[in-house]
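# Reading the structure
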Amino acid sequence: MSDKEFQTNTSEWFYPTEDIIKNAHIPDYDTVYQQAIDDPIGFWGEQAESLEWYQKWDQVLDDSNAPFYKWFIGGKTNIVLNALDRHQKTWRRNKIAIIWEGEDGEKRSFSYWRLNQEVCKFANVLRSMGVRKGDTVTIYMGRTPEIVIAMLACAKVGAIHSVIYGGFSEQAIADRIEDAKSRVLITSDGAWLRGQIVPLKNNVDQAIDRSPIVEHVIVVKRTGQDVTMVQGRDYWYHDLMALPIASTRCETEVMDAEDPLFILYTSGTTGKPKGILHTHGGYQVYTSTTLNWVFDIKDDDRWWCAADPGWITGHSYIVYAPLILGATSIIYEGAPTYPYPDRWWRIVEDYGVTILYTAPTAIRGLMRFGDAWPNRRDLSSLRLLGSVGEPINPEAWKWFYNVIGKGRCPIMDTWWQTETGGFMITPVPSVGLKPGSATRPFPGIVVDVVDEDGNTCAPNEDGKLVIKTPWPSMLRTVWGDDQRYLNQYWAAYKDKGWYLAGDSARKDDDGYIWVIGRIDDVIKVSGYRLGTAEIESGLVSHHAVAEAAVIGVPDEVKGNIIYAYCILVAGQTGSDDLVKALREHIRHEVGPIAMPSKIEFVDKLPKTRSGKIMRRVLKARAMGLPEGDLSTLED
Ligand code: PRX
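This structure is a prediction, so every number in the text was calculated from the model and none was measured. (Residues numbered from 1 in each chain as written. Predicted model: local features only at pLDDT ≥ 70, side-chain atom pairs only at ≥ 80, totals over all residues. Heavy atoms only, no water.)

Looking only at helices and strands, the protein has 19 helices and 29 strands in total. Computed over the C-alpha atoms, the radius of gyration of the protein is 24 Å, within 12% of the 26 Å expected from 2.2 N^0.38 for a compact globule of 635 residues. Once the C-alpha set of the protein is aligned to its principal axes, its extents read approximately 70 × 60 × 60 Å. Residues classed as buried in the protein amount to 62% of the 635 residues present. Within the protein, contacts between residues at least 6 apart in sequence are counted, and of these 72% link residues at least 24 apart. (Helix = DSSP H or I, 4+ residues; strand = E, 2+ residues; numbered from the N terminus. Rg over C-alpha atoms; globule rule 2.2 N^0.38 Å. Buried < 20%, exposed > 50% of the residue type's maximum accessible area, 1.4 Å probe, protein only. Contact = heavy atoms within 4.5 Å.)

Residues in close proximity to the ligand total 17 residues, the closest being Asp413, Thr414, Thr418, Arg518 and Arg529. A distance of 2.9 Å separates an oxygen atom of the ligand from a polar atom in the side chain of Asp503. Within the side chain of Arg529, a nitrogen or oxygen atom sits 2.7 Å from an oxygen atom of the ligand. Notes on the ligand: free accessible area 540 Å², of which the protein chains cover 97%. Counting only elements with at least two residues in the shell around the ligand, the list comes to α11 (312-324), β20 (411-414) and β24 (513-518). Each residue belonging to the shell around the ligand can be placed in one class, and the counts come to six nonpolar, five polar and six charged. (Near = heavy atom within 4 Å. Polar contact = N/O pair within 3.5 Å; in protein donor to acceptor, adjacent residues only side chain to side chain. Areas by Shrake-Rupley, 256 points an atom, 1.4 Å probe, with all protein chains shown as cover. Nonpolar A, V, L, I, M, F, W, Y, C, P; charged D, E, K, R; others polar.)

This next bit is on α11. For α11, a buried count of 13 out of 13 residues is recorded, marking the element as mostly surrounded by other parts of the structure. Positioned one or two residues after α11, Gly326 has a phi angle of 70°, which is positive.

This part covers the sheet that holds strand β27 (residues 545-555). Sheet strands line up and pair through hydrogen bonds in the backbone, either parallel or antiparallel. Ordered by their spatial adjacency, three strands build an open sheet running β27-β28-β29, and the pairing between neighbours is mixed. The open sheet has two free edges, formed respectively by β27 and β29 (598-601), since each of these has just one partner strand. Ignoring strand direction, the axes of neighbouring strands in this sheet form an average angle of 25°. Pairing of β27 with strand β28 (residues 559-568) involves ten bridges; the strand directions are antiparallel. For Asp555, the partnering residue across the bridge sits in β28 and is Gly559. Strands in contact with helix α17 (residues 532-540) are β27 and β28; relative to β27, the strand with the most contacts, it is inclined by about 140°. (Pairing = 2+ DSSP bridges. Axes fitted to C-alpha atoms, helices over the stretch in contact; angles between N-to-C directions.)

Attention now goes to the pattern of salt bridges. One pass over the structure, following the stated rule, counts 51 salt bridges. In this structure, the salt-bridge partner of Asp85 is Lys156, at a minimum N-O distance of 3.8 Å. Taken together, the residues Asp85 in the loop between α4 (79-83) and β4 (96-101) and Lys156 in helix α6 (residues 145-157) connect sequence positions 71 residues apart. Put simply, Glu101, Arg343, Arg346 and Asp350 are held in one network by salt bridges that share partners. (Salt bridge = Lys/Arg side-chain N within 4 Å of Asp/Glu carboxyl O.)

Here the focus is the sheet that holds β4. Pairing in this open sheet of seven strands is mixed, and the strands run β5-β4-β17-β16-β18-β19-β20 from one edge to the other. The open sheet has two edge strands with one neighbour each: β5 (107-111) and β20. Averaged over all adjacent pairs, the angle separating strand axes in this sheet is 20°, with direction ignored. Looking at chain direction, strand β19 (residues 384-388) and β20 are connected through four bridges and run parallel. By the bridge assignment for β20, Val388 is matched with Thr414. On the sheet, α11 packs against β4, β16 (302-305), β17 (328-332), β18 (355-358) and β19 and is oriented at approximately 160° with respect to β16.

Overall, the predicted model of the protein reaches an average pLDDT of 95, with 98% of residues at or above 70. Contacts of residues 1-7 to residues separated by more than four positions or lying in other chains number 19 contacts, the stretch itself having pLDDT below 50. (pLDDT = per-residue confidence, 0-100.)

Scanning the model with the defined rule gives 43 aromatic pairs in all. Between the aromatic rings of Trp44 and Tyr286, the centroid separation amounts to 5.3 Å while the plane-to-plane angle is 45°, which identifies the pairing as tilted. Of this pair, Trp44 sits in helix α3 (residues 40-49) while Tyr286 sits in helix α10 (residues 280-294), and the two are 242 residues apart along the sequence. Grouping residues by exposure puts Trp44 and Tyr286 together as buried. Taking 5.1 Å as the distance between ring centres and 85° as the angle between the ring planes, the aromatic pair formed by Phe262 and Tyr283 counts as edge-to-face. Placement of Phe262 in strand β14 (residues 260-266) and of Tyr283 in helix α10 is noted, with a sequence separation of 21 residues between them. Side by side, Phe262 and Tyr283 carry an identical accessibility label, which is buried. (Phe/Tyr/Trp six-rings, centres within 6.5 Å; stacked < 30°, edge-to-face > 60°.)

Turning next to the environment of Thr17. One can find Thr17 in the segment before α1 (18-23). Judged by relative accessible area, which is 44%, Thr17 ranks as partly exposed. The spatial distance from the C-alpha of Thr17 to the C-alpha of Cys409 is 9.4 Å, given a sequence separation of 392 residues.

On to the nonpolar core. Ranked by size, the top nonpolar core spans 150 residues in total, and within it Phe122, Leu152 and Phe295 carry the most contacts. Residue contributions to this core peak at ten residues, all from α6. In contact with Leu152, other than residues within four places in its own chain, are Val80, Ala83, Leu84, Leu115, Val119, Val319, Tyr320 and Leu323. In terms of nonpolar packing, the next biggest core, distinct from the first, is built from 40 residues, Val217, Val525, Val545 and Leu582 among them. (Core = buried A, V, L, I, M, F, W, Y, C linked by side-chain atoms within 4.5 Å.)

The next thing to look at is the packing of helix α13 (residues 360-367) against helix α15 (residues 394-404). Where α13 meets α15, the axes come as close as 10 Å, and the angle between the chain directions of the two elements is 70°. Of the possible angle classes, the one that applies to α13 and α15 is roughly perpendicular. When α13 is examined against α15, the residues Ile363, Arg364, Leu366 and Met367 are found in contact with a partner set consisting of Glu395, Ala396, Trp399 and Phe400. Here the contact of α13 with α15 is built from residues that sort into six nonpolar, no polar and two charged. (Parallel < 35°, antiparallel > 145°, perpendicular 65-115°, else oblique.)

Orientation of α17 relative to helix α18 (residues 576-589), taken along the N-to-C sense of each, is 120°, at an axis distance of 9 Å. Relative to α18, the element α17 lies oblique. Helix-helix and strand crossings are classified by hand; for α17 and α18 the assignment is right-handed. Contact residues: Ile535, Gly538 and Leu539 in α17; Leu582, His585 and Ile586 in α18. By residue class, the composition of the contact of α17 with α18 is four nonpolar, two polar and no charged. (Left-handed = near helix turned anticlockwise from the far one by under 90°.)

Below is the structure:
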């Protein structure tokens with residue numbers, strides 16, 4: 001499946017039933033969209049009213065220093081006030097917040113009451129370690145309830161969490177600790193994945209050797225193997241939680257709406273990962289509104305966002321928005337196919353999941369095992385499905401719709417990014433769907449597909465995706481690097497004040513948007529966002545490699561796979577053993593998710609006269625396609 005194979009198919013529509021439309025929070029998209037566009041300030045102010053604030057805002061939007069926008073200025077809040085505290089005063093305290101299942105079959109669940117107690121206890125532990133408002137705390141854990149507790153406890157005391165996905169390793173962790181300047185790190189001994197232990201604590205130890213600013217490491221026991229505990233630095237979570245200091249009473253820190261909530265690192269054009277900054281006020285308003293309207297959350301729902309808390313999807317739609325809405329969420333620790341390819345379908349059946357939100361790569365991966373696995377399970381509890389992370393090819397869309405949703409459950413294909421904080425282009429359950437299109441923007445969001453000069457492209461013509469007006473959960477900056485924020489997102493259409501998403505897209509005759517893919521040096525592998533530069537510097541850090549270029553090549557299941565081209569240092573010769581060694585090196589340095597599928601040794605790389613690697617040419621060659629305009633090639 002290549003980018004170009006996603007053809008806009010305007011003829012095929014899927015419509016929701018009358019029942020779905022009647023029960024949806026937004027039965028009439030066009031009217032609500034128009035209202036929000038006519039009066040965005042009124043619209044966002046109204047959404048914010050549904051949340052609790054210690055003190056209301058004086059102004060909804062301050063655009064005096066654009067693109068450094070500020071939202072709900074003067075407002076005092078804390079996202080934990082809305083995610084936990086307010087539920088303790090209502091019947092919801094006894095509602096289940098989280099149902100968790102380990103890959104090994106262990107099960108735990110938390111009511112809102114119990115979750116709040118755990119968060120209070122851990123917040124007290126963090127405070128006792130000297131963690132204060134504005135401090136950064138790094139979290140590197142598997143998918144367990146404790147990662148949710150850790151994130152919420154940080155937010156509660158006003159600390160800024162920086163979660164690193166468990167699929168990253170040594171150098172990637174070290175870079176992120178260094179950039180965020182975290183003195184405290186929370187991890188676990190390991191995580192279960194496909195029946196194997198991912199050695200998280202071990203990776204942390206090695207990362208701290210490279211980035212020694214960490215003073216305290218808190219370790220959750222999950223997998224139970226021996227780990228090294230450095231005296232005076234490392235503490236077991238369960239020991240700390242048993243101390244008298246870990247009381248269940250804890251005041252939530254009062255935050256300004258614009259105070260930082262978290263940093264989340266993501267890949268961009270250069271090697272250094274970007275710390276995307278989100279804040280308490282706007283983020284809580286936007287994520288809760290979008291989840292409520294797009295997935296139509298009701299009190300009796302069982303919501304399953306099958307992402308990882310270590311990515312933005314997990315931050316927004318496993319942790320914060322569902323808790324704000326008082327929903328019941330499912331969290332599953334491990335692989336969808338472990339021990340058998342029906343693991344997910346068994347979870348749907350066992351817990352009566354009503355809404356399942358996942359990624360195209362997972363759908364394609366499960367589709368390969370055929371219909372018998374899902375057909376053996378009772379999936380009748382499902383009423384809505386969702387997709388995120390990359391374009392969904394119509395074949396996978398239809399399988400999800402027909403085999404999993406039995407033709408009854410509309411699919412919400414949500415386009416958004418780490419930077420946007422929440423869904424941007426997405427259906428709501430009441431609109432007509434076209435497989436492969438994320439449909440139209442969420443109310444309050446203005447997007448367009450434009451050419452280099454900013455002219456709106458003709459229908460069905462490829463162009464750049466831009467967002468034309470600010471929204472509450474937009475990134476505030478790149479951590480510690482305002483200039484990079486300006487260059488990366490706002491420089492391309494500076495005069496117009498538009499946000500450049502970094503994706504190409506086209507709009508069809510009905511105004512439906514079809515996202516094609518990234519136009520920068522970002523590769524989406526199994527929905528994970530990786531930067532070519534970070535993998536390239538990983539390769540070059542191996543003693544045998546002088547220079548490297550990395551590209552993404554389309555793949556049926558993963559969306560893209562990684563191809564690497566390496567020029568070796570003089571005296572080194574390419575061999576199968578070296579390929580193996582380099583793959584291992586990347587696993588160790590960057591992480592298993594960044595391992596190239598193919599490594600080729602070359603003498604030269606196609607470059608422009610100014611020395612920039614022409615990845616486009618490499619990609620065309622790898623795919624056997626015409627190489628296009630070569631006039632800027634060096635020789
Ligand atoms: O290329 C788009 C793709 O994922 C990118 C954002 O990646 P990340 O920040 O990791 O966030 C992923 C989860 C929100 C986008 O620039 N993308 C995301 N959702 C879709 C998508 N491409 C097409 N369709 C989608 N629904």
